[in-house]
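# Summary of the model geometry
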Amino acid sequence: MAKELEWFDNTEHEILRVANRCHTVLFFMAFNFDMLSWYAGGGSRPLGSAAQSISRAVKGIDTVKYFNGQEMEISLYGTAVKAAGLAYNRIAKYAAFQNAILRFLTLMVFVQGFWYATTLVTRTTTFQEYSGYMTAFWACLIAGQQIETIFPLVIVLEKGKYAASNLRRLTMVDVEFDLTRRRAGVSPRKCNGFIAFQDVRFHYPSRRDVAGLNGLSMFVNAGETVFIVGKSGCGKSTLANLLLTVWKHNSGSILIDENPLEKLDRKWIHDNVTYVPQRPALFNESISRNIRFGKANTDNLTHKDIWRVCDDVFLTEVITGLPNGLRTKLKSGGTNLSGGQRQRVSLARARLRDTSIMILDEPTTGLDEATKVLVMNTLREWRKDKTTIVITHNLSDIRPNDWVYVMDAGRVVQVGERRTLEALYQGPFADLLKNVETPYEESIPPESCYEESLIDYYMDDPEKENQCPNRTTILPFVENSINAFRQSLAPRAHKSFNPSRVTFQNHRATTAAPPVPSRSQTIKRATSQSRKRPRRTRQSMEEIPPKPECKSTIMKGQQGLRHIFSTIGPNTSWSDKLGIAIGLLCCIVSAAATPAFSFALARLVYIFFTDLSGTGTKAAFWALVITGIALLDAVTSSLQLFLLEKSAQRWIDSVRIRAYGLVMSQARSWFDVDKNKTSRIAQDLEGNAEEMRNLLGRQLGFAVGALTILGIGVGWSFTQDVQLTAVGLVAIPVLLLVLRVFSWVTERCEERCNGESEQLAIFLRDMLDNLVAVRTLSLKGYFDHKHHRLLRRSLSAGRKRAVCTGLTVGLSDTGVFLATALLFWYGARLIVQNGLALEKALTVFSMLLFSLSNSAATLRIVPQVSI
Ligand SMILES: Nc1ncnc2c1ncn2[C@@H]1O[C@H](COP(=O)(O)OP(=O)(O)OP(=O)(O)O)[C@@H](O)[C@H]1O
Ligand SMILES: [Mg+2]
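Residues numbered from 1 in each chain as written. Chains lettered and ligands numbered in written order. Predicted model: local features only at pLDDT ≥ 70, side-chain atom pairs only at ≥ 80, totals over all residues. Heavy atoms only, no water.

## Some remarks on the pattern of salt bridges
Counted only if it meets this: Salt bridge, as applied in this entry: a Lys or Arg side-chain nitrogen positioned within 4 Å of an Asp or Glu carboxyl oxygen. Buried means the residue's accessible area, taken with a 1.4 Å probe over protein chains only, is under 20% of the maximum for its type, while exposed means over 50%, and partly exposed covers the values in between.
Summed over all chains, the structure comprises 17 salt bridges. The salt bridge involving Asp354 is made with Arg351; its shortest N-O contact spans 3.6 Å. According to the relative accessible area criterion, Asp354 is buried, its value standing at 18%. Of the residues examined, Arg351 reaches a relative accessible area of 15% and is grouped as buried.

Following this line, the structure appears as structure tokens:
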């Protein structure tokens, strides 16, 4: 018993000593991981700007094509991708450096452990003590191997950590409006619809220099319909957003039925105030569902009710013309409908909702003259006796006896019935009327705000000029268009819209400023010119057949590895190809270091068993050999990591810039195909491209390494003892079978997981794009439910993948353990019965175990890096 305890003490002592070394290694790792995390963070920023670039250009593809901006977009994308590539190279360089140190230190732990063990062994004579040292040593060896398997995952881990900390940041933000609080404030039983704005002032937090509202005062009686007019940017939509509590006013007061807004329950406000925004908020749902969103409780809602509201807004004909009628699924933002049709779906929803207060922001924009009149007449009919605020640029919507508020620079500057205001030949309203003669704004189809921002992007931001090396090739086109357009306007300049004349500082003033259009106005005109001939232009774009090479390069279905790797040649420079060749050579050398290490180790172990007298010197020699191997392994494995990662990054950068170029040159109709959605293109060029990089950057290296180790290990073992090696190799067919089943199963699981996460991404984008509508239409419940459903499906797909992965990894481990047990048992039998030399048996054990466990570890790593 005393001996047993002594043995235990010794063993524990050893393990603790080696563990101490491990702690040093781990401390170093922890320190470096933080540095890597810092690099990983830096790398994702340029990648974010590349993703934004794709999203902006693909969503606004019409504008890109009108302005012939493909080259500029490709160039901007290329710049962002290259910046991301450089950042990734820095990460790879750092990870390679870290890998070198860690690999070296881990192997050195064994040398140190053995060095110390030799000292102990020379002092001891009992077999139990030997076995104690051996147990401690093998325990450390296995622990070391496990640490080694972490190395290739360092970048993956760090990127995951960075992503998690970003997500955490989102979960920690303070919530200004807690939508989950059901009743927070007064909820009067009835809403009469009286509205008052008293000296309301408001600044958007991002633009403190410009007043959104600047002392606005206005009153709307219950049941009244009033109109708000004023030049663009004077604060009309801001007023609506404040009433809906989307923003909070800075000073003054807003009352509904004499209750200050801040005292009212937010849900009550949203239940009683409907806002039909300028840009219709349409979701990636069926037309029917989009209209039904108007009602909180749709239980009693029949198909007939939906058709009735569609009738009211003259939408029936449009819907019956669609192949799936009311069930037609809209794209996010309703982009598969025309501007006027979107507007009417949004109006149909408002019609169904029909709350006591309704604000319609440019409800007739995008409609033809006849439909405009019909829609306005019906609107007046169904909003009779209910408070209605119509914001409009279209003065023909306003009848002589309608009450009008004229706004300018964030406040009301003129009030009265239209006929009274019209009778004054001077003043803000009169100025607006003068400019109605050339209603070019009316002919502009309501493009998304997004496209306008893209136009501004091309034209207004001088910084972008610097970012785009090819800008000189694009600007002449744009500027020529503008000049041509200016000239075409010249003969009828007196009719043109001149916003500089519409300055309403006070009721009387009209400035005598010369009618020089500002740059952005000129651009708007150019845009409107482009838009005036859109049908022809679009049609002509539709007619351009996709280039044949475009068709062939857009991949269909899953590609074989051979096909994927065949794209390396045309997409990499000679220096990258050399880098790949050196990287693969390093893989082989680094892999060869493992059996060499096992061989040196076997010699060391053999010395313990046989040659106690000379243990010190011989052990020192083999310890030095191991140090040399550790150095070689550290250098080659790091070179491999860096060179392959760097070349792989260049490869995918080149592929994605080429692919993006092809996407931009596709005919307009190509973008309407479902599988060419913005989210899909972004996913292919970003997430999927990164997966593709891993094929060359990591998985090819692992595969070459595993094959080399296996080849050397098995070959070497055969030279020692054929019989024993043959028995040990029983595990290989098992491992191959597991690998085959594994890749088949993970492929399927991966497909499903990708599909689910794409659905989730589309949903999130759809919801975030229409966040204001989600809040004001009280749709949080519906979207929460949908989000949970998609999350559940995604989770279930992930769970299945985890089970499959876990089972296969477990099976491969079991295979290795069984093979190990078999090898040891059969080896012992051969030693005892056939007189096999211990030295040879130990070499075979060590070689086969290392090579088999390394292959099994590769099996584990390959799927993990691809997750
Ligand atoms: N989210 C925002 N962040 C910062 N500034 C904004 C934001 N929305 C509007 N603004 C600014 O506030 C001012 C008033 O904008 P608002 O949208 O109310 O104008 P508008 O009268 O509705 O114009 P339009 O007739 O073109 O729709 C403008 O100067 C605008 O640039
Ligand atoms: Mg507006």
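## Observations regarding the sheet that holds strand β4 (residues 251-256)
The test is simple: Two strands pair if DSSP finds at least two bridges between them. For helices the rule is a DSSP run of H or I covering at least 4 residues; for strands it is a run of E covering at least 2, with both sets numbered from the N terminus onward.
Read from one edge to the other, the open sheet built from 4 strands follows the order β2-β1-β4-β5, with strand pairing classed as antiparallel. Only two strands of the sheet have a single partner each, and these edge strands are β2 (211-220) and β5 (259-260). In this structure, β4 lies alongside β5, joined through 2 bridges in antiparallel fashion. Following the sheet pairing, Leu255 is matched in β5 by Pro260.

## Focus: the packing of helix α9 (residues 303-312) against helix α11 (residues 339-353)
Definition in use: The axes used here are C-alpha line fits, helices contributing only the stretch in contact, and every angle between their N-to-C directions lies in the interval 0 to 180 degrees. Convention used here: angles under 35 degrees read as roughly parallel, angles over 145 as roughly antiparallel, angles from 65 to 115 as roughly perpendicular, and any remaining angle as oblique. Each crossing gets its hand from how the near helix is turned against the far one by less than a right angle, where anticlockwise is left-handed and clockwise is right-handed. Residue contacts are defined here by distance: any two heavy atoms, one from each residue, within 4.5 Å place the two residues in contact.
Orientation of α9 relative to α11, taken along the N-to-C sense of each, is 120°, at an axis distance of 9 Å. As far as their axial angle goes, α11 and α9 are oblique. Two packed elements cross with a definite hand, and for α9 against α11 that hand is right-handed. For the pair formed by α9 and α11, the contact residues are Ile306, Arg308, Val309 and Asp312 on the first element and Ala348, Arg351 and Leu352 on the second.

## As for the pairing of strand β7 (residues 357-361)
Test applied: When the strands point away from the viewer, a crossover counts as right-handed if the path from the first strand over the helix to the second runs clockwise.
Across the 5 residues of β7, 5 count as buried, placing the element largely inside the fold. Side chains of β7 alternate between two faces, with Ile357, Ile359 and Asp361 and Met358 and Leu360 buried alike. As judged from the 4 bridges shared by strand β6 (residues 273-276) and β7, these two strands associate in the parallel manner. Residue pairing in the sheet places Val273 in a bridge with Ile357 of β7. One ladder, built from 5 bridges, connects β7 with strand β8 (residues 387-391); its direction is parallel. Bridging from a neighbouring strand, Ile357 pairs with Thr387 of β8. Tracing the backbone out of β7, into helix α12 (residues 369-382) and back to the parallel element β8 gives a crossover that is right-handed.

## As for the coordination of the magnesium ion (ligand 2)
Ideal geometry at a metal centre: 109.5 degrees between donors when four sit tetrahedrally, and 90 or 180 degrees when six sit octahedrally. How we decide: Distances define the donors: N, O and S atoms within 2.8 Å of the metal qualify, as do those within 3.2 Å of Na, K or Ca. Water is excluded, so some sites may look unfinished.
Each protein donor to the magnesium ion (ligand 2) is listed here as Ser237 (OG) and Gln278 (OE1); together their distances run 1.9 to 2.4 Å. With Ser237 in helix α6 (residues 236-243) and Gln278 in the loop between β6 and α8 (287-292), this pair connects stretches of sequence that are 41 residues apart. Among the residues examined, Gln278 registers a relative accessible area of 38% and is labelled partly exposed.

## Let's talk about the packing of α11 against α12
The following threshold applies: Put simply, Ala, Val, Leu, Ile, Met, Phe, Trp, Tyr, Cys and Pro go in the nonpolar bin, Asp, Glu, Lys and Arg in the charged bin, and everything else, Gly too, in the polar bin.
Orientation of α11 relative to α12, taken along the N-to-C sense of each, is 10°, at an axis distance of 12 Å. With respect to their mutual orientation, α11 and α12 come out roughly parallel. Contact residues: Arg344, Leu347, Ala350 and Arg351 in α11; Thr371, Val375, Leu379 and Trp382 in α12. A breakdown of the residues in the contact of α11 with α12 according to their chemical character gives 5 nonpolar, 1 polar and 2 charged.

## A look at the environment of Tyr405
Mapped onto the secondary structure, Tyr405 falls in strand β9 (residues 403-408). The buried category is assigned to Tyr405, whose relative accessible area is 6%. Between the C-alpha atom of Tyr405 and that of Met218, which follows or precedes it by 187 residues, the distance is 8.0 Å. With residues up to four places along the chain from it excluded, the contact list for Tyr405 reads Met218, Phe219, Val220, Val226, Phe227, Ile228, Val229, Val412, Gln414 and Val415.

## With respect to α11
Quick note on the threshold: One fewer than the residue count of a helix, multiplied by 1.5 Å, yields its expected span.
Along its 15 residues, α11 runs 21 Å from first to last C-alpha, staying within 8% of the 21 Å computed at 1.5 Å per residue. Of all 15 residues in α11, 14 are buried; the element is thus mostly enclosed.

## Some thoughts on the sheet that holds β9
Reading across the sheet, the 6 strands line up as β6-β7-β8-β3-β9-β10 and stay open at both edges, with mixed pairing between neighbours. Edge positions in the sheet fall to β6 and β10 (411-417), since each has one partner strand and no second. Pairs of neighbouring strands in the sheet enclose a mean axial angle of 20°, with direction left out of account. Its contacts with the sheet put α11 on β6 and β7, and the angle it makes with β6 is roughly 170°.

## Topic: the packing of aromatic side chains
In this description, an aromatic ring pair is defined by two values, namely the gap between the centres and the angle between the planes. The condition that has to hold: Pairing of aromatic rings covers Phe, Tyr and Trp, the last counted by its six-membered ring, and requires centre-to-centre distances within 6.5 Å; plane angles under 30 degrees mean stacked, over 60 mean edge-to-face, and any other angle means tilted. Criterion for a charge above a ring: Arg CZ or Lys NZ at most 6 Å from the ring centre, at most 35 degrees from the ring normal.
Enumeration according to the criterion identifies 14 aromatic pairs in this entry. In textbook terms, an aromatic cluster arises when at least three aromatic residues are bridged by ring pairs, as seen for Phe283, Phe293, Phe763, Tyr782 and Phe783. Across the ring face of Trp574, the terminal group of Lys577 is positioned such that the distance to the ring centre comes to 4.6 Å. Over the aromatic face of Tyr88 sits the side chain of Arg693, whose NZ or CZ is 3.7 Å from the ring centroid.

## Overview of the side chain of Thr388
This is how the line gets drawn: Here a polar contact is recorded for every N or O atom pair within 3.5 Å, except that within protein the pair must consist of a potential hydrogen donor and a potential acceptor, and residues adjacent in sequence are included only if both atoms are side-chain atoms.
Within the secondary structure layout, Thr388 lies in strand β8. Assessed through its relative accessible area of 0%, Thr388 is described here as buried. Within the structure, Thr388 has its side chain in polar contact with the backbone oxygen of Lys386 (distance 3.0 Å). Those residues in contact with Thr388, other than ones at most four positions away along the chain, are Glu224, Thr225, Val226, Met358, Leu360, Leu379 and Arg383.

Geometric descriptors of this kind do not, in isolation, establish any biological role.
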